[in-house]
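Next come the chains, spelled out residue by residue.
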Amino acid sequence: MQIKIRLATIKDLDIILDIYNHAIKHTTAVYSYDPYSPKMMQDWFADKKANNFPVYVSTENNEVTGFVTYGTFRLRPASQHTAEHSIYVHHKHRRKGIAKALMPFIIDIARQNKVHTLIGGIDAENEVSILFHEQFGFNKVAHIKEAGFKFDRWLDLVFMQLIL
Ligand SMILES: CC(C)(COP(=O)(O)OP(=O)(O)OC[C@H]1O[C@@H](n2cnc3c(N)ncnc32)[C@H](O)[C@@H]1OP(=O)(O)O)[C@@H](O)C(=O)NCCC(=O)NCCS
């Protein structure tokens, strides 16, 4: 099946919401407890647009299968050249090379937009994501112990970095 990548539109938000809420409910990839509402997702997308932060989706047969984006890492002005990205693939479409197809798009657009470094905040249990990021040259630069609490346990947070 051919994987296509394009910029997200507002029509993609329902499926992006499904993908994101699945991760919130079932994984430690997102440090949220409660699912996003459609309104929260719309606000999220509006914020991306307002800040010129890209959102790309992957599709197969015109069905959205995943997304990648970046946003603010820390709010103060001196952090303006650093961005934190996130990448999610629909649980039914994992291990088909979709994340590998999405990642080059976000790296390229980050470079074009003069982002100096991309940071991934990844739960330390998420070995799949850590291996995936290593493939793209990201290095583990921080391991913060017990930075999260979800599913009745403390979670360690790893930061992985790619200097562009
Ligand atoms: C991490 C995630 C984006 C990977 O997406 P994917 O489309 O399944 O990944 P790909 O098929 O493109 O695989 C890319 C690489 O990731 C790693 N990987 C993916 N799935 C894996 C698995 N089940 N076991 C081990 N490594 C795995 C491998 O290094 C793989 O490369 P390889 O196929 O050459 O071995 C996906 O699992 C996901 O959405 N997870 C939940 C959300 C999340 O953790 N996001 C990242 C938080 S920053």
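Residues numbered from 1 in each chain as written. Predicted model: local features only at pLDDT ≥ 70, side-chain atom pairs only at ≥ 80, totals over all residues.

Caption draft 1: Local environment of the overall build of the chain. Summing up its helical and strand segments, the chain has 4 helices and 7 strands in all. Listing each helix as α and each strand as β along the chain from the N terminus yields β-α-α-β-β-β-α-β-α-β-β. Rg of the C-alpha trace for the chain: 15 Å, near the compact-globule value of 15 Å for 164 residues, within the 12% margin. Taking the principal axes of its C-alpha atoms as reference, the chain extends roughly 40 × 40 × 30 Å. Among the 164 residues that make up the chain, the fraction classed as buried is 26%. Expressed as a percentage of contacts within the chain between residues at least 6 apart in sequence, the contacts between residues at least 24 apart total 59%. (Helix = DSSP H or I, 4+ residues; strand = E, 2+ residues; numbered from the N terminus. Rg over C-alpha atoms; globule rule 2.2 N^0.38 Å. Buried ≥ 20, exposed ≤ 12 C-beta atoms within 10 Å, placed from the backbone. Contact = placed C-beta atoms within 7 Å.)

Caption draft 2: Structural context of the site of the ligand. If you check the shell around the ligand, you find 22 residues, and the closest are Ala29, Arg94, Ala99, Lys100 and Phe132. Top element by residues in the shell around the ligand is helix H4 (residues 127-135). It accounts for 5 residues. By residue class, the composition of the shell around the ligand is 11 nonpolar, 7 polar and 4 charged. (Near = placed C-beta within 6 Å. Nonpolar A, V, L, I, M, F, W, Y, C, P; charged D, E, K, R; others polar.)

Caption draft 3: Unusual backbone geometry, seen in detail. Residues other than glycine seldom take positive phi values, yet Asn62 does so here, at roughly 70 degrees. Relative to the helices and strands, Asn62 is located in the loop between strand E2 (55-60) and strand E3 (63-72). Residue Asn62 is classed as exposed on the basis of its 6 C-beta neighbours within 10 Å.

Caption draft 4: Examining the sheet that holds strand E1 (residues 4-7) more closely. The mixed open sheet is built from 7 strands, whose spatial order is E1-E2-E3-E4-E5-E7-E6. Looking at strand neighbours, the two that pair on one side only are E1 and strand E6 (139-150), the edges of this open sheet. Across the sheet, the mean angle from the axis of one strand to that of its neighbour is 25 degrees, orientation sign disregarded. Running at roughly 35 degrees to E3, helix H3 (residues 98-112) makes contact with E1, E2, E3, strand E4 (82-89) and strand E5 (117-123) of the sheet. (Pairing = 2+ DSSP bridges. Axes fitted to C-alpha atoms, helices over the stretch in contact; angles between N-to-C directions.)

Caption draft 5: Molecular detail of helix H1 (residues 13-26). The end-to-end C-alpha separation of H1 is 20 Å, in line with the 20 Å expected for 14 residues at 1.5 Å each. Among the structural elements, helix H2 (38-50), E3 and E4 are those in contact with the buried residues of H1. (Expected span 1.5 Å × (residues − 1).)

Caption draft 6: Quick peek at the environment of Asn51. Within the fold, Asn51 resides in the loop between H2 and E2. Classification of Asn51 as exposed rests on a count of 10 C-beta atoms within 10 Å.

Caption draft 7: Main features of the nonpolar core. Core analysis: the biggest nonpolar cluster contains 26 residues, and Ile16, Tyr56, Phe67, Val68, Leu102 and Ile106 have the highest contact counts within it. It is H3 that provides the largest number of residues to this core, a total of 6 residues. Apart from the residues within four sequence positions on either side, Ile16 is in contact with Ala8, Met41, Val64 and Phe67. (Core = buried A, V, L, I, M, F, W, Y, C linked by C-beta atoms within 7 Å.)

Caption draft 8: Just the pairing of E3, in detail. Counted residue by residue, E3 has 7 buried out of 10 residues, so it is predominantly covered. Note that E2 and E3 share 6 bridges and pair antiparallel. By the bridge assignment for E3, Ser58 is matched with Gly66. Linking E2 back to E3 in an antiparallel pair, the connection comprises 2 residues, with Asn61 at a positive phi of about 50 degrees.

Caption draft 9: The arrangement of the environment of Ile5 in detail. In this structure, Ile5 sits in strand E1. Discounting chain neighbours no more than four positions away, the residues touching Ile5 are Tyr56, Ser58, Ala101, Leu102 and Phe105.

Caption draft 10: View of the packing of H1 against H2. Where H1 contacts H2, the axes come no closer than 10 Å and their chain directions differ by 110 degrees. What the angle tells us is that H1 and H2 run roughly perpendicular. Across from Leu13, Ile16 and Leu17 in H1, the residues of H2 making contact are Pro38, Met41, Gln42 and Phe45. (Parallel < 35°, antiparallel > 145°, perpendicular 65-115°, else oblique.)

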